[in-house]
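Tertiary structure, described
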Amino acid sequence: MVTYPSTHGVFETTIREICEVVHAHGGQVYMDGANMNAQVGLCRPGDYGADVCHLNLHKTFCIPHGGGGPGVGPIGVAKHLAKFLPKQSSIGNWDLGFGNFGVGPVAAAPYGSASILTVSWMYIRMMGPAGLTEATKIAILNANYIAKRLNPYFPVLFKGKHGLVAHECILDLRFWKDAGIEVEDVAKRLMDYGFHAPTISWPVAGTMMVEPTESEPKHELDRFCDALISIQAEIEAIANGKTDRKNNVLKNAPHTARQIASDKWDRPYSREQAAFPAPWTREHKFWPAVARIDNVYGDRNLFCSCPPLEESV
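Numbers given to residues run from 1 along each chain, matching the order in which its sequence is written. Local features in this predicted model are restricted to residues of pLDDT 70 or higher, and side-chain atom pairs are both shown and tallied only at a pLDDT of 80 or more, whereas totals for entire chains, interfaces and linings draw on every residue. Processing note: side-chain calculations cover all non-hydrogen atoms of the structure and skip hydrogens and water entirely.

**Describing the side chain of glutamate 234**
Under the convention used in this document: Only DSSP runs of H or I reaching four residues or more are called helices, and only runs of E reaching two or more are called strands; each is numbered from the N terminus. Remark: exposure states derive from per-residue accessible area (1.4 Å probe, protein chains only) relative to the maximum for the residue type, with buried under 20%, exposed over 50%, and partly exposed in between. Distance and chemistry together define a polar contact, namely a pair of N or O atoms within 3.5 Å, with one atom able to donate a hydrogen and the other to accept it when in protein, and with adjacent residues in sequence counting only for side-chain atoms on both sides. We call two residues in contact whenever any of their non-hydrogen atoms come within 4.5 Å of each other.
Here glutamate 234 is to be found in helix α5 (residues 218–239). Looking at glutamate 234, the relative accessible area reads 12%, which means it is buried. Within the structure, the side chain of glutamate 234 is placed 2.8 Å from the side chain of arginine 189, a separation counted as a polar contact. Of the polar contacts made by the side chain of glutamate 234, one reaches the side chain of tyrosine 193; its length is 2.9 Å. Apart from the residues within four sequence positions on either side, glutamate 234 is in contact with Arg189, Tyr193, Val249, Leu250 and Pro277.

Structure representation (structure tokens):
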């Protein structure tokens, strides 16, 4: 299985050679469609030599990505694999001329979820070929805009041979480990600025993967970049010894309304610096529901919040 563009956020220039090597040794290439929003209207997985490609509806075709999915979407195959596609008796036109080949049904609803597919269908119909292609171009442009703005503050870990990225970029925060700052601290501090942090520590530990897609306008991209640039200045203050290494706005982030409104405030920084670090936070403030939690402890000590079975009797 290969991902194109790669999860490192670059277009692999040797993708055709990779497919040829796999084929030369009797293998098949399954292309992960997670990054189709950097390809639609510009290129086709089949042209690289991929034998199978699933097309995620989330992210590329207007379905939300939250919760890790939903993992739904069509799976395209090369002609030599068509005879292995699932056979559904309720679909009258399934026969592609391969006689009685084909496996049995794999789902009760062969077309997938009606509640999800109608959204993607309407999106594709309204966008049209030109709109879908433009969305792909904007997704790539947005990622490169962020990469260019933030590279002087948080170096972009992977770039193509022309210094560009694909639809996402990976910001390297590992340099700040010497100052005691982890990528999680930056992610939590972003909440004080009004942002849910992008993916952290994947595919590289200690990094942040930013994937703006085509839906973010420039002023929103700038607001995000301004937040990270401001946070980098806060990190610099810690690294230079101007701020305590353990008791600072990053280590204590996020800050809740209850903390800010409390009669007791024993932090070495002001309430304003904690809760209103940027101008826009005074106009549209998002208040985190809870303060910093121990993520690792929570992952290792699971407990059920369901009512006991005795109560259902």
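From this point on, the discussion continues.
**Observations regarding the sheet that holds strand β7 (residues 207–210)**
The test is simple: DSSP-based pairing: two strands are paired if at least 2 bridges between them are found. To obtain each axis, a line is fitted to C-alpha atoms, and for helices this fit is confined to the stretch in contact; angles are then taken between N-to-C directions over 0 to 180 degrees.
With respect to topology, three strands assemble into an open sheet ordered β5-β7-β6, the strand pairing being antiparallel. Strands at the two margins of the open sheet, each flanked by one partner only, are β5 (169–172) and β6 (199–200). As paired elements, β5 and β7 share four bridges and run antiparallel to each other. Opposite isoleucine 170, over in β7, you have methionine 209 as the bridge partner. Its contacts with the sheet put helix α4 (residues 183–192) on β6 and β7, and the angle it makes with β7 is roughly 45°.

**So, the sheet that holds strand β3 (residues 52–54)**
Strands sit in the order β1-β2-β3-β4 across an open sheet of four strands; the sheet is mixed. Of all the strands in the sheet, the pair left with one neighbour each is β1 (2–3) and β4 (75–77). Note: β1 against strand β2 (residues 30–32), two bridges, orientation parallel. From the neighbouring strand, valine 2 faces β2, where its bridge partner is methionine 31.

**Notes on the pattern of salt bridges**
Which entries qualify depends on this criterion: By definition, a salt bridge exists where a carboxyl oxygen of Asp or Glu is found within 4 Å of a side-chain nitrogen of Lys or Arg.
Evaluation of the coordinates by the stated rule reveals 13 salt bridges. Taking the shortest distance from any N to any O, the salt bridge between arginine 149 and aspartate 226 comes out at 2.9 Å. One end of the pair, arginine 149, is in helix α3 (residues 114–150); the other, aspartate 226, is in helix α5, and 77 residues separate them in sequence. When its relative accessible area of 32% is taken as the criterion, aspartate 226 is described as partly exposed. Close ionic contact of glutamate 182 with lysine 177 constitutes a salt bridge, the shortest N to O distance being 2.7 Å. In this structure glutamate 182 comes out as partly exposed when scored by relative accessible area, which is 35%.

None of the figures reported here should be taken as evidence of function without further support.
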